[in-house]
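Architecture and fold: a report
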Amino acid sequence: MVARVIPDATPRQSDAEGPTRRAQSSPPDQMPHSRQSTLPDQSTTPDPDDRSVGFLLGLLVGEGHFGGDGRQPQVTLRMHVRHEETFEWLRRTYPGSALYGPYHHGGRSYYQWSARGRYLREYIVPLVQRHRSLLDAYTAARFDTMCERYAIAREGAGASSEA
């Protein structure tokens, strides 16, 4: 099977903007069927509004995973394909993230959204840390464990602010 990347700049066929161009191969560190966004310049990336931040935090509390592969941390969110519009919104709203799938196996069909690398360390972790007081104890502990395991520096790691 040939891995395909659908760049953020080229919308999918179902999008109103037009047809999709698909790359025939992907870098070895990407999973098949990736819609990878490019890493935005932090000086030009607008901060999402409070509702967008709250929605992301809610998704991460309910369905997210804070972990990694032993070498690199990642935050992932895996849900049924019926939530495709939510995943596309995440990819647009958090442009350094990636969307993988759809996958179909074991009687399940799902997409997986993830944030890794520099985007995770410089954008997603600080965003979650700023609103850490909104996380329940279980989710906060998973977030803290990921940051400690992968030596991710956080400002005010002992304190958190309200949104």
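Residues numbered from 1 in each chain as written. Predicted model: local features only at pLDDT ≥ 70, side-chain atom pairs only at ≥ 80, totals over all residues. Heavy atoms only, no water.

Regarding the pattern of salt bridges
Any two side chains of opposite charge can pair, so long as their charged atoms come close to each other. The final tally for this structure, using the stated rule, is five salt bridges. As a salt-bridge pair, Asp69 and Arg71 come within 3.6 Å of each other at their nearest N and O atoms. On the basis of relative accessibility, which here comes to 45%, the residue Asp69 falls in the partly exposed class. By relative accessible area, Arg71 is classed as exposed at 71%. One salt bridge connects Glu122 with Arg118, and the closest N-O pair in it is separated by 3.2 Å. Of the two residues, Glu122 and Arg118 both sit in helix α3 (residues 117-130), four residues apart, roughly one turn of that helix. Under the relative-accessibility criterion, Glu122 is labelled partly exposed at 42%. Taking the relative accessible area as the measure of exposure, Arg118 reaches 46% and is therefore partly exposed. Salt bridges linked by common partners bring Arg132, Asp144 and Arg154 together as one network. (Salt bridge = Lys/Arg side-chain N within 4 Å of Asp/Glu carboxyl O. Buried < 20%, exposed > 50% of the residue type's maximum accessible area, 1.4 Å probe, protein only. Helix = DSSP H or I, 4+ residues; strand = E, 2+ residues; numbered from the N terminus.)

A closer look at the environment of Gly62
As for its position among the elements, Gly62 is in helix α1 (residues 50-63). Taking relative accessible area as the criterion, Gly62 reaches 53% and is therefore assigned exposed. Taking the C-alpha atoms as reference points, Gly62 and Leu77, separated by 15 residues in sequence, lie 9.4 Å from one another.

Regarding the pairing of strand β5 (residues 108-116)
Of the pairings in the sheet, the one linking strand β3 (residues 73-80) to β5 comprises seven bridges and is antiparallel in character. By the bridge assignment for β5, Met79 is matched with Tyr111. Looking at chain direction, strand β4 (residues 98-105) and β5 are connected through six bridges and run antiparallel. Paired with His104 across the bridge in β5 is Ser109. In sequence, β4 turns back onto β5 through a hairpin of two residues, with Gly106 there showing a positive phi of about 60°. (Pairing = 2+ DSSP bridges.)

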